[in-house]
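Each chain, written out:
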Amino acid sequence: VGSGAGVGFNVNVAFTGGLDPPMGDAEYLAAFRAVVMPIASEFSPDMVLISSGFDALMTLAGGRVVLALEGGHDLTAICDASEACVAALLGQELDPLPKAVLEQRPNPNAVRSLEKVIETHSKSSHR
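Residues numbered from 1 in each chain as written. Predicted model: local features only at pLDDT ≥ 70, side-chain atom pairs only at ≥ 80, totals over all residues. Heavy atoms only, no water.

K.L.:
I'm lost on helix α2 (residues 75–89) in this one. Help?
P.N.:
One turn of the α-helix equals 3.6 residues, which is why residues spaced by three or four share an orientation. Between its first and last C-alpha, α2 extends 21 Å over 15 residues, near the 21 Å set by a 1.5 Å rise per residue. Where α2 is concerned, the buried positions are I78, C85 and A87. Along its buried surface, α2 packs onto β2 (65–68). (Helix = DSSP H or I, 4+ residues; strand = E, 2+ residues; numbered from the N terminus. Expected span 1.5 Å × (residues − 1). Buried < 20%, exposed > 50% of the residue type's maximum accessible area, 1.4 Å probe, protein only. Contact = heavy atoms within 4.5 Å.)

K.L.:
Before we go on, may I ask you to explain the nonpolar core in this structure?
P.N.:
Burial of nonpolar side chains together is a common tendency in soluble globular proteins. The biggest cluster of nonpolar side chains holds six residues, and these are A30, A31, V35, I39, L114 and V117. Secondary-structure elements contributing two or more residues to this core are α1 (25–43) and α4 (108–122). Broken down by element, this core gets its largest block of residues, four residues, from α1. (Core = buried A, V, L, I, M, F, W, Y, C linked by side-chain atoms within 4.5 Å.)

K.L.:
Explain α1 to me, please; I cannot follow it from the model alone.
P.N.:
An ideal rise of 1.5 Å per residue puts 27 Å on 19 residues; α1 measures up with 25 Å between its terminal C-alpha atoms. Of all bends in α1, the biggest is about 40°, found at F32. Listing the buried residues of α1 in full gives A26, E27, L29, A30, A31, V35, M37, I39 and A40. The elements touched by buried residues of α1 are α3 (99–103) and α4. Directly after α1, the chain includes S44, whose backbone phi takes a positive value near 55°. (Bend = angle between axes of the 7 residues up to and from the residue.)

K.L.:
Would you take a moment to explain the packing of aromatic side chains for this structure?
P.N.:
Counted according to the given criterion, the structure contains one aromatic pair. Ring geometry for F15 against Y28: centres 5.3 Å apart, planes inclined by 85°, an arrangement best described as edge-to-face. With F15 in the segment before α1 and Y28 in helix α1, this residue pair connects regions lying 13 residues apart in the sequence. What makes F15 partly exposed here is its relative accessible area of 22%. (Phe/Tyr/Trp six-rings, centres within 6.5 Å; stacked < 30°, edge-to-face > 60°.)

K.L.:
Explanation requested: the side chain of E27 in the structure shown.
P.N.:
Here E27 shows up in helix α1. With no salt bridge to any partner, buried E27 finds its closest opposite charge in R105, at an N-O distance of 10 Å. Here N107 takes part through its backbone nitrogen, which lies 2.8 Å from a polar atom of the side chain of E27. Setting aside chain neighbours within four positions, we find E27 in contact with F15, P22, R105, P106, N107 and A110. (Lys, Arg positive; Asp, Glu negative; His and termini not counted. Salt bridge = Lys/Arg side-chain N within 4 Å of Asp/Glu carboxyl O. Polar contact = N/O pair within 3.5 Å; in protein donor to acceptor, adjacent residues only side chain to side chain.)

K.L.:
Just checking my understanding: could you explain the pattern of salt bridges for this structure?
P.N.:
Side chains that carry opposite charge are capable of pairing whenever their charged atoms lie near each other. For the coordinates displayed, the defined rule picks out one salt bridge. Between K99 and E103 there is a salt bridge; the shortest N-O distance is 3.7 Å. With K99 and E103 both in helix α3 and four residues apart, the pair spans about one turn of that helix. Look at K99 and you get exposed, because its relative accessible area is 60%.

Encoded structure:
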């Protein structure tokens, strides 16, 4: 969970429980809403380095964002994600997620995984 001034701000959301049911938009949105953004907002970074291109973090660090493309196993997905990130950074309108997806509850495996991450981070000295 980090060291020194970074204790509690280094987070890895590891989904466990296999792929049945699979992790999808609802699970990643839950991780982003419940773990990533609260920790990132509390840390208040000067710059955000984004692996795989999650442009929603642009609200942090005064919009100073670096997108770094890493290796990927699904070339179509990484191409689509990269294209969407560049389009968002250029101010182009993106298709929103359907309301049903935004309101969908994450699957039980994701909930258990997120609870473990939150429990681990709740033990950090800054909280």
